[in-house]
Amino acid sequence: MNKTIKTILLLAGVALLVYGTYTMIQPETEVSIGDLDLIKSQDNTNSYITIALGIAAVALSLIKGKS
């Protein structure tokens, strides 16, 4: 693989890992209306998908090609 493509994949993978981790540990949404508190439970499915794509991109960037 070309060195430029590997660098782009590595940067994109790291960015996806950071974003996926951030969305996973981001605090839950809480809405307060007077005395009523509504808490939306957090669904981490999209975070897991983003982290998996990040790991795949990093793994692809680290594969050694014919040199």
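Residues numbered from 1 in each chain as written. Predicted model: local features only at pLDDT ≥ 70, side-chain atom pairs only at ≥ 80, totals over all residues. Heavy atoms only, no water.

## Here we look at the packing of helix 1 (residues 3-25) against helix 2 (residues 45-62)
Interaxial distance between helix 1 and helix 2 falls to 7 Å at its minimum, and their mutual angle equals 155°. Here helix 2 runs roughly antiparallel to helix 1, going by the angle between their axes. The crossing of helix 1 and helix 2 is left-handed. In contact with K6, L9, L10, G13, V14, L16, L17, Y19, G20, T21, T23 and M24 of helix 1, helix 2 contributes S47, Y48, T50, I51, L53, G54, I55, A57, V58, L60 and S61. Looking at the contact of helix 1 with helix 2 residue by residue, the classes come out as 14 nonpolar, eight polar and one charged. (Axes fitted to C-alpha atoms, helices over the stretch in contact; angles between N-to-C directions. Helix = DSSP H or I, 4+ residues; strand = E, 2+ residues; numbered from the N terminus. Parallel < 35°, antiparallel > 145°, perpendicular 65-115°, else oblique. Left-handed = near helix turned anticlockwise from the far one by under 90°. Contact = heavy atoms within 4.5 Å. Nonpolar A, V, L, I, M, F, W, Y, C, P; charged D, E, K, R; others polar.)

## Describing the UniProt feature "transmembrane region" (unreviewed entry) in the chain
This chain's UniProt record puts "transmembrane region" (unreviewed entry) on residues 47-63. With 94% helix and 0% strand, residues 47-63 has its two end C-alpha atoms placed 25 Å apart. (UniProt positions renumbered as here; feature names shortened; annotations may be inferred.)

## Looking at a nonpolar patch on the surface
A cluster of nonpolar side chains, namely L10, V14, V18 and L62, defines an oily patch on the protein surface of about 350 Å² accessible area. Among the elements that take part in the nonpolar patch, helix 1 stands out by supplying three residues, more than any other. Mapped onto the fold, L62 is located in helix 2. Look at L62 and you get exposed, because its relative accessible area is 59%. (Patch = residues over 30% accessible without salt bridge, like charges linked within 9 Å, V, L, I, M, F, W, Y side chains within 5 Å. Areas by Shrake-Rupley, 256 points an atom, 1.4 Å probe, with all protein chains shown as cover. Salt bridge = Lys/Arg side-chain N within 4 Å of Asp/Glu carboxyl O. Buried < 20%, exposed > 50% of the residue type's maximum accessible area, 1.4 Å probe, protein only.)

## Quick notes on helix 2
An ideal rise of 1.5 Å per residue puts 26 Å on 18 residues; helix 2 measures up with 26 Å between its terminal C-alpha atoms. The inward-facing, buried residues of helix 2 abut helix 1. (Expected span 1.5 Å × (residues − 1).)

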